[in-house]
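Next come the chains, spelled out residue by residue.
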Amino acid sequence: MVDFPVFPDFSQRVPLPSSVFFLTHLLLLLQPGELNSEEVRVVGPGEPILALVGEEVEFSCHLLPYLDAEDMEIRWFRSQTSDVVHLYEGGRELQSRQMAQFRNRTKLIKDYIVDGSVNLQLRGIIPDDEGLYGCRFLSSNFSREAVWELEVAGLGSDPHISLESFKKGGVQLRCSSSGWYPKPQAQWKDHKGQCLPPEMEAIVQDARGLFNLETSVVVQGGSHSNVSCSIQNSLLLQKKEFTIQIADAFLPGSSPWKRAFLGTLGGLPLLLAVLVTLALYFLQKQRRCQEKLRKRAEKDKERLTAEREKLQTELDWRRAEGQAEWRAAQQYAVDVTLDPASAHHSLEVSEDGKSVSSCTAVPGPVVGDPQRFSEQTCVLSCQRFSAGRHYWEVHVGRRSRWFLGVCLASVPRLGPGHLSPANGYWVMGLWNRCEYFILDPHRIALTLRVPPRRVGIFLDWEAGKLSFFNASDGSHIFTFTHPFSGTLCAYFRPRAHDGGEHPDPLTICPLPVRRTCLLLTEEDETDTWLQPYEPSDPTLGLW
């Protein structure tokens, strides 16, 4: 407490009751306010997190409002607090209290613990890790926690097809693969793309919790040529496929020696001996072809395995690079809110300005409002960015269509918009649940291993960069490189409701806001809002 010296004025005598009243109010004003423990809450990932078997996942938790958590107990747990995943207490990490399943697999990142923000890395994901998780902050005057769900998926090995035997007038093929989670789905197809009914299918779960699959099919004469075996992961919506070509010599019903043998069965013993010799010859030839085919398949498998390992190594390096860039971008988190005055009339913005969704009953257009978009079903942020670095995250859930990014604050609000950097739009989009792309100016497809349910956006105005991150696994998606010359706004476009199963709103996620970012509100940037802007290029497609 700071002591303030008081020098009485002897030139004028102040009555004693008035002096006491003044000093009492002065002490009340100088007394520091105490935080109401009911106002403190813990913010976790919120939506389910999807992780791949064998890789790592990162859980983030922070306090709102931001408090120093160095002297608190921070407990990461499974479905109940007694099942300890990781424990931080008294400034130390107590690994002896961990469940045996998580020992030597967790790492606590507490670079921003003084702001009440911590992350926990879990390495070597296994199917048994699937389920509910939570984090709890405990101090002398409050206890708060957040709970979320971890989903686990495993993409198994490449299918392997082998020739087993001759059966029912055809060739029996066997397809096997291992390391899948959850239970995979297998399918045989012929050269016309038609499904072949399997003769046998067995799916067994091993000691690690992963599923191994074996299935077989009998290919009859006349239906030969290319036969494929595909195995699909229903959670990742990805599949692996292997195709094999069967020559005529492998189909007993079409072998020349068999037809000749049946045609001359009642002939002379000499012809019978010739046919037996021919049969032995073709059998030996068939075995040589089968052995040659088997060796070729093994060489192809070794080559594919080596290429896969090389690609996996490069992917791991790129993923680590992207995660480091993502963590660095989170240091520039800002509080972004939506501007209802700019929203299209078919959109509904929440009262707190943090989420937007399509209206079930579309109202009539608002006439004569120059700030509101007339045809683009989008909404902009209240904040304006004309310098510095800024980061925010948007929960997209399982929506099948959306656009996110930034645009110039001076883009025309009337008429359609051409979403390209040339017209002041830097956006990333999703179409039909699985088609991710950017417009620069034409559509460029993006390939993502894990579908993002939360998208991080990082704007570096001076460097002329806008980066997108998959906040579900910390990976980098894409970066626009373009020198900015005007004031920018965050851009949100949920698209019209498409009748999908998950019409989730686009929601701005709460993040620990750093005080080093430079923001401009709409009131502070009226001059920039009125800057002239070149008309759109009519040759670009409308989005």
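Rules and cut-offs
- Residues numbered from 1 in each chain as written.
- Predicted model: local features only at pLDDT ≥ 70, side-chain atom pairs only at ≥ 80, totals over all residues.
- Heavy atoms only, no water.
- Helix = DSSP H or I, 4+ residues; strand = E, 2+ residues; numbered from the N terminus.
- Contact = heavy atoms within 4.5 Å.
- Areas by Shrake-Rupley, 256 points an atom, 1.4 Å probe, with all protein chains shown as cover.
- Core = buried A, V, L, I, M, F, W, Y, C linked by side-chain atoms within 4.5 Å.
- Buried < 20%, exposed > 50% of the residue type's maximum accessible area, 1.4 Å probe, protein only.
- Disulfide = S-S within 2.5 Å.
- 1 Å grid on protein atoms, 1.4 Å probe; cavity = no way out; pocket = protein on both sides within 12 Å on 5 of 7 lines; lining within 4 Å.
- Points joined across faces, edges and corners; volume = space filled by probe spheres on them.
- Nonpolar A, V, L, I, M, F, W, Y, C, P; charged D, E, K, R; others polar.
- Polar contact = N/O pair within 3.5 Å; in protein donor to acceptor, adjacent residues only side chain to side chain.
- Pairing = 2+ DSSP bridges.
- Axes fitted to C-alpha atoms, helices over the stretch in contact; angles between N-to-C directions.

Draft legend 1. A look at the overall build of the protein chain. Looking only at helices and strands, the protein chain features four helices and 31 strands. Across the protein chain, every contact between residues at least 6 apart in sequence was considered, and the portion connecting residues at least 24 apart equals 66%. Here the protein chain displays about 29,200 Å² of accessible surface, and carbon together with sulfur accounts for 54% of that area.

Draft legend 2. Focus on the nonpolar core. Counting 51 residues, the largest nonpolar core has Trp392, Trp402, Leu404, Leu466, Tyr491 and Phe492 as its most contacted members. In terms of residues, this core owes the most to one element, strand β23 (residues 402-408), which gives six residues. Other than its neighbours up to four places away in sequence, Tyr491 contacts Gln376, Cys378, Val379, Leu380, Phe403, Leu404, Gly405, Val406, Cys407, Leu419, Tyr425 and Val427. With 35 residues, the next largest nonpolar core counts Ile74, Cys135, Trp148 and Leu210 among its residues.

Draft legend 3. Region of interest: the state of the cysteines. Within the structure shown, the criterion is met by two disulfides. Cys61 shares a disulfide with Cys135; S-S distance 2.0 Å. Its torsion about the S-S bond being -95 degrees, the disulfide of Cys61 and Cys135 is classed as left-handed. In this pair, Cys61 sits in strand β3 (residues 57-64) while Cys135 sits in strand β9 (residues 131-138), placing the two residues 74 residues apart along the sequence.

Draft legend 4. Structural context of empty space enclosed by the protein. As enumerated under the stated definition, the model contains one cavity of 30 Å³ or more in all. By volume, the largest cavity amounts to about 50 Å³. Looking at which element gives the most residues to the lining of the largest cavity, the answer is strand β2 (residues 49-52), with three residues. The residue makeup of the lining of the largest cavity, split by class, is five nonpolar, no polar and four charged.

Draft legend 5. Inspection of the layout of surface pockets at higher detail. Of the pockets and cavities examined, the second largest pocket occupies roughly 680 Å³. As for the second largest pocket, its lining consists of 29 residues, and the residues nearest its centre are Leu155, Lys240, Arg308, Gln312 and Arg449. Of all the secondary structure elements, the ones that give two or more residues to the lining of the second largest pocket are β12 (170-180), β18 (238-246) and α3 (269-330). Per element, the largest residue contribution to the lining of the second largest pocket is six residues, and it comes from α3. Residues belonging to the lining of the second largest pocket are distributed by class as follows: 14 nonpolar, seven polar and eight charged.

Draft legend 6. Broad picture of the side chain of Asp473. Examined against the element boundaries, Asp473 turns out to sit in the loop between β28 (465-470) and β29 (475-481). A relative accessible area of 16% means that Asp473 is categorised as buried. Within polar-contact distance, the side chain of Asp473 engages the side chain of Ser475 at 2.8 Å. For Asp473, the contacting residues outside a window of four places in its chain are Arg319, Gln323 and Val450.

Draft legend 7. Here's a closer look at the sheet that holds strand β27 (residues 454-460). Across the sheet, which stays open at both edges, the seven strands sit in the order β19-β20-β31-β22-β27-β28-β29 with antiparallel pairing between neighbours. Of all strands in the sheet, those bounded by a partner on one side alone are β19 (347-349) and β29. Ignoring which end each strand starts from, the neighbouring axes of this sheet average 20 degrees apart. Note: strand β20 (residues 355-358) against strand β31 (residues 506-508), two bridges, orientation antiparallel.

Draft legend 8. Up close: the side chain of Ser381. Within the secondary structure, Ser381 sits in the loop between β21 (379-380) and β22 (389-395). Reaching out from Ser381, the side chain makes a polar contact with the backbone nitrogen of Ala490 at a distance of 3.0 Å. Excluding anything up to four places from it in sequence, Ser381 contacts Val336, Thr337, Leu338, Asp339, Cys489, Ala490 and Phe492.

Draft legend 9. Geometry of the pairing of β28. In terms of burial, β28 is a largely internal element, five of the six residues being buried. In this structure, β27 lies alongside β28, joined through six bridges in antiparallel fashion. Bridge pairing in β28 links Val455 to Asn470. The hairpin turn running from β27 into β28, its antiparallel successor, is four residues long, and Gly464 in that turn takes a positive phi close to 70 degrees. Examined bridge by bridge, β28 and β29 share six bridges and lie antiparallel to one another. The residue of β29 that forms the bridge with Lys465 is Thr481. The hairpin formed by β28 and β29 contains four residues between the paired strands, and Gly474 there has a positive phi angle of roughly 80 degrees.

Draft legend 10. Here's a closer look at the sheet that holds β23. Across the sheet, six strands lie side by side as β21-β30-β23-β24-β25-β26; this open sheet has antiparallel pairing. Two strands lie at the open edges of the sheet, namely β21 and β26 (443-446), each paired on one side alone. Judged from the two bridges that link them, β21 and strand β30 (residues 488-493) form a sheet pairing that is antiparallel. Bridge pairing in β30 links Leu380 to Tyr491.

It is worth stressing that arrangement in space is one thing and function is another; only the former is reported here.
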